[in-house]
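Coordinates in review
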Amino acid sequence: MYNKVIVIGSLNYDVCLKLARLPEEGETNFADSVEYCSGGKGANQAVQAAKLGLTVYMAGCIGEDESGDFLKRTVEGYGVRTDYLKRVPGNSGMSVAQSLYDGGIRASVVKGANDCVTKEDIDALGDVISSDTIVVFQLEIPLETIIYAIDLCRKKGAYIILNGAPAAALPEETLRKLDLFIVNEVEASFYGNTEIDSEEKAETEIRRMTERLGATCIFTLGKAGSVVCSEGRTEMIPSKKVQAVESTGAGDSFIGGLCYGLVNGKDIFESSRFATCCSAKTVCKTGGQPAMPTLDEVMEIYKGR
Ligand SMILES: Nc1ncnc2c1ncn2[C@@H]1O[C@H](COP(=O)(O)OP(=O)(O)O)[C@@H](O)[C@H]1O
Ligand SMILES: [Mg+2]
């Protein structure tokens, strides 16, 4: 069985401004508040897995700047191991978001150090990746590095999860090496090359995708829940009815939760029910990593095996 998780991906220093309206061209206006957060899909997924008590390594790059210090300190504070986090010259990955009170949001991301993850960094992981390891990828680091890493994971017999976000064209050959492919409905529409606008469509398309990749597939559908397809069985998993305040990190929390289920010997359907409870807790609080639940918090609503 699996006993540890390695997330190979991004870390971002997120700056979030709250403001009543966007400035006009040439105008500088006042924002009401600012929040500085540790983010990036990779770091978020690692933090959720660590908050659930798993042994988790975060592999990736941060800059030699103060935000790099902040990102390292923050993920370590949640229990993520940083032995394979590398510092590179220049800035860490970062984003600036302008968030309006009506829920509208505009954001820009600087890839920074996330763009510096190389094949050599993957080779350096050689010793920790084995058949008892779950390796998790997203698409916020260079694709050529990911393609190389998936090959290595395959050779080592690790369980490979790819969260195909943000959506990007990958060789079919690489997609066919995965154990688990997970995307939200927008990304699923991209990879399947057809709009997914209903649960029925999601069920049809996930069967097609599972067949095409020869891997387990999960499509998350926001408030509608998720659909899981594995070895000829397809199941809709409704979301938990909660007072959602903000959806930041919902999908990342789901993936951390999946890892917990798999490490604890649950099948992919039961792991997804557990993951659904993690996401439900996450959407009830603002922010990404701080909103993600501990194991005790998930157990308040998880009634599984
Ligand atoms: N409003 C909500 N209430 C309860 N659960 C939610 C809500 N929004 C999302 N979720 C849960 O989080 C999971 C992932 O959310 P989704 O929006 O699909 O991912 P992403 O963040 O990648 O877009 C869903 O499958 C669902 O279980
Ligand atoms: Mg969504």
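These figures come from a predicted structure and were not determined experimentally.

Turning our attention to the side chain of Thr 133. Within the element layout of this structure, Thr 133 appears in strand S8 (residues 133–137). Exposure remark for Thr 133: the relative accessible area of 0% places this residue in the buried category. Within the structure, the side chain of Thr 133 is placed 3.3 Å from the backbone oxygen of Val 128, a separation counted as a polar contact. Of note is the side chain of Thr 133, whose polar atom sits 3.2 Å from the side chain of Asp 132. Excluding residues within four positions of it along the chain, Thr 133 makes contact with Tyr 2, Lys 4, Ile 6, Val 128, Ala 158 and Tyr 159.

Below, the discussion takes up the sheet that holds strand S3 (residues 33–39). Taken together, 4 strands build an open sheet; the order of strands is S3-S2-S6-S7 and the sheet is mixed. The sheet is open, and its two edges are formed by S3 and strand S7 (105–110), each paired on a single side. Strand after strand, the sheet turns through a mean of 15 degrees between neighbouring axes, direction not considered. Sheet topology places strand S6 (residues 93–100) next to S7; 6 bridges connect them, and they run antiparallel. When the bridges of S7 are listed, Gln 98 appears paired with Arg 106. Packing of helix H2 (residues 66–77) onto the sheet brings it into contact with strand S2 (12–19) and S3, and relative to S3 it is tilted by some 65 degrees.

The local shell around ligand 1 holds 16 residues, among which Asn 184, Thr 220, Gly 222, Gly 225 and Gly 251 are the closest. Here an oxygen atom of ligand 1 sits 2.8 Å away from a polar atom, N or O, in the main chain of Gly 225. At 3.0 Å, a backbone N or O of Gly 251 approaches an oxygen atom of ligand 1. When the free accessible area of ligand 1 is taken as 560 Å², the share hidden by the protein chains comes to 83%. Broken down by secondary-structure element, the contributors of at least two residues to the shell around ligand 1 are helix H8 (250–263) and helix H9 (268–282).

As for its placement among the helices and strands, Gly 265 is situated in the loop between H8 and H9. What makes Gly 265 partly exposed here is its relative accessible area of 48%. In this structure the C-alpha to C-alpha distance between Gly 265 and Tyr 2, which are 263 residues apart in sequence, comes to 8.2 Å.

Turning to the packing of aromatic side chains, a few remarks are in order. Enumeration according to the criterion identifies 8 aromatic pairs in this entry. Pairing Phe 181 with Tyr 191 gives two aromatic rings, centres 5.1 Å apart and planes at 90 degrees, and the pair type is edge-to-face. Note that Phe 181 is positioned in strand S10 (residues 180–184) and Tyr 191 in helix H6 (residues 185–192), a separation of 10 residues in sequence. Each of the two residues, Phe 181 as well as Tyr 191, counts as buried. One aromatic cluster in this structure is built from Tyr 13, Tyr 36 and Phe 70.

Moving on, we come to unusual backbone geometry. Residue Pro 166 follows Ala 165 across a cis peptide bond; omega there is -10 degrees. Relative to the assigned elements, Pro 166 resides in the loop between strand S9 (159–163) and helix H5 (172–175). One non-glycine residue, Glu 231, adopts positive backbone phi at about 45 degrees. Along the polypeptide, Glu 231 turns up in the loop between strand S12 (226–230) and strand S13 (233–237).

Looking now at the packing of helix H1 (residues 41–51) against H8. Between H1 and H8, the shortest axis-to-axis distance is 8 Å and the interhelical angle comes to 45 degrees. Judged by the inter-axis angle, H1 sits oblique to H8. For H1 against H8, the interelement crossing comes out right-handed. Two secondary-structure elements touch here, H1 through Lys 41, Asn 44, Gln 45, Gln 48 and Ala 49 and H8 through Asp 252, Ser 253, Ile 255, Gly 256 and Gly 257. Considered class by class, the residues forming the contact of H1 with H8 number 2 nonpolar, 6 polar and 2 charged.

We now examine the nonpolar core. Val 5, Ile 134, Ile 161 and Ile 268 are the most contacted members of the largest nonpolar core, which totals 46 residues. The element that contributes the greatest number of residues to this core is H8, accounting for 7 residues. Discounting residues that sit within four places of it in the chain, Ile 268 has contacts with Tyr 159, Leu 180, Thr 216, Ile 218, Val 228, Ser 230, Leu 258 and Leu 262. Core analysis: the second largest hydrophobic core is formed by 43 residues, Tyr 57, Val 117, Ile 122 and Ile 141 among them.

This paragraph deals with the sheet that holds strand S11 (residues 216–220). Within the open sheet, the 9 strands sit side by side as S5-S4-S1-S8-S9-S10-S11-S12-S13. Their pairing is mixed. One side of each edge strand has no neighbouring strand; the edge strands of this open sheet are strand S5 (85–88) and S13. With direction set aside, neighbouring strand axes in the sheet form an average angle of 15 degrees. Relative to S9, S8 runs parallel, the two being bridged by 4 bridges. Within the sheet, the bridge partner assigned to Ile 134 lies in S9 and is Tyr 159. Sitting on the sheet, helix H4 (residues 143–156) is in contact with S8 and S9, with an inclination near 165 degrees to S8. Packing against the sheet, H9 makes contact with S9, S10, S11, S12 and S13, and its axis sits at approximately 15 degrees to S13.

Conventions we followed
Residues numbered from 1 in each chain as written. Chains lettered and ligands numbered in written order. Predicted model: local features only at pLDDT ≥ 70, side-chain atom pairs only at ≥ 80, totals over all residues. Heavy atoms only, no water. Helix = DSSP H or I, 4+ residues; strand = E, 2+ residues; numbered from the N terminus. Buried < 20%, exposed > 50% of the residue type's maximum accessible area, 1.4 Å probe, protein only. Polar contact = N/O pair within 3.5 Å; in protein donor to acceptor, adjacent residues only side chain to side chain. Contact = heavy atoms within 4.5 Å. Pairing = 2+ DSSP bridges. Axes fitted to C-alpha atoms, helices over the stretch in contact; angles between N-to-C directions. Near = heavy atom within 4 Å. Areas by Shrake-Rupley, 256 points an atom, 1.4 Å probe, with all protein chains shown as cover. Phe/Tyr/Trp six-rings, centres within 6.5 Å; stacked < 30°, edge-to-face > 60°. Parallel < 35°, antiparallel > 145°, perpendicular 65-115°, else oblique. Left-handed = near helix turned anticlockwise from the far one by under 90°. Nonpolar A, V, L, I, M, F, W, Y, C, P; charged D, E, K, R; others polar. Core = buried A, V, L, I, M, F, W, Y, C linked by side-chain atoms within 4.5 Å.

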